[in-house]
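Structure assessment
Below are the chains, spelled out letter by letter.
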Amino acid sequence: MNAPTNPRPGIDAFHRTRSRCIDAFSEVEQALIWIIERSEGKVGSDSFGQKLEKLRKAKPSPTLSKSQIEKLKKLIDGCSAINELRNDIVHSTLQLAVIGNDQRACFINSRQCTSGSQTARLFSLEGLRGLTAEMTELAKELRAL
């Protein structure tokens, strides 16, 4: 008798997990907007990166203490680190890459493509779930400021 094999998750599982990941990124961005508005800043149509730069320049005020600003700057470093991942996941079509017996979500950011050359970012299902959890925690920490 053959041993049972683990079924591959399939494209739908990757789509659902990507959707949750994008929602978690959105939670982070909403928390950033809340902090900017709370410190009487204007957001307008700022990109994610512009919001980070605006907060990177924040100074202590009645709404954000010196210790909160220090913590915010560390959290902004975390946001900056994930910004590239965010861009690839948000600005790409999800494709499924099968490598041996493994499946990976494959993201090719159209902004990064050049003639004859493409760079792909590959995520396992567990990797996407881990990134989602990291973003959810980051949003929670930002909202706690």
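Our structure is the block above this text.
Described below are features of the structure shown in this document. These numbers come from a predicted model, not from an experiment.

Another aspect to go through is the sheet that holds strand S1 (residues 94–99). Read from one edge of the open sheet, three strands run S1-S2-S3, paired in antiparallel fashion. On the outer flanks of this sheet lie S1 and strand S3 (121–123), each paired with one strand and no other. Between one strand axis and the next, the sheet turns through 40° on average, direction left out of account. For S1 and strand S2 (residues 102–107), the ladder comprises six bridges, and the chain directions are antiparallel. Along S2, the bridge assignment pairs Gln-95 with Cys-106. Each of S2 and S3 touches helix H3 (residues 66–90); the most contacted strand, S3, lies at about 90° to it.

Right, let's talk about the side chain of Arg-18 for a bit. Of note, Arg-18 is situated in helix H1 (residues 10–38). Of the side chains with opposite charge, Asp-88 comes closest to the buried, unpaired Arg-18, at an N-O distance of 9.9 Å. Look past the residues within four positions of Arg-18 in its chain and what remains in contact with it is Ile-89, Val-90, Ser-92, Leu-94, Phe-107 and Leu-128.

Reading the values: the criteria
- Residues numbered from 1 in each chain as written.
- Predicted model: local features only at pLDDT ≥ 70, side-chain atom pairs only at ≥ 80, totals over all residues.
- Heavy atoms only, no water.
- Pairing = 2+ DSSP bridges.
- Helix = DSSP H or I, 4+ residues; strand = E, 2+ residues; numbered from the N terminus.
- Axes fitted to C-alpha atoms, helices over the stretch in contact; angles between N-to-C directions.
- Contact = heavy atoms within 4.5 Å.
- Buried < 20%, exposed > 50% of the residue type's maximum accessible area, 1.4 Å probe, protein only.
- Lys, Arg positive; Asp, Glu negative; His and termini not counted.
- Salt bridge = Lys/Arg side-chain N within 4 Å of Asp/Glu carboxyl O.

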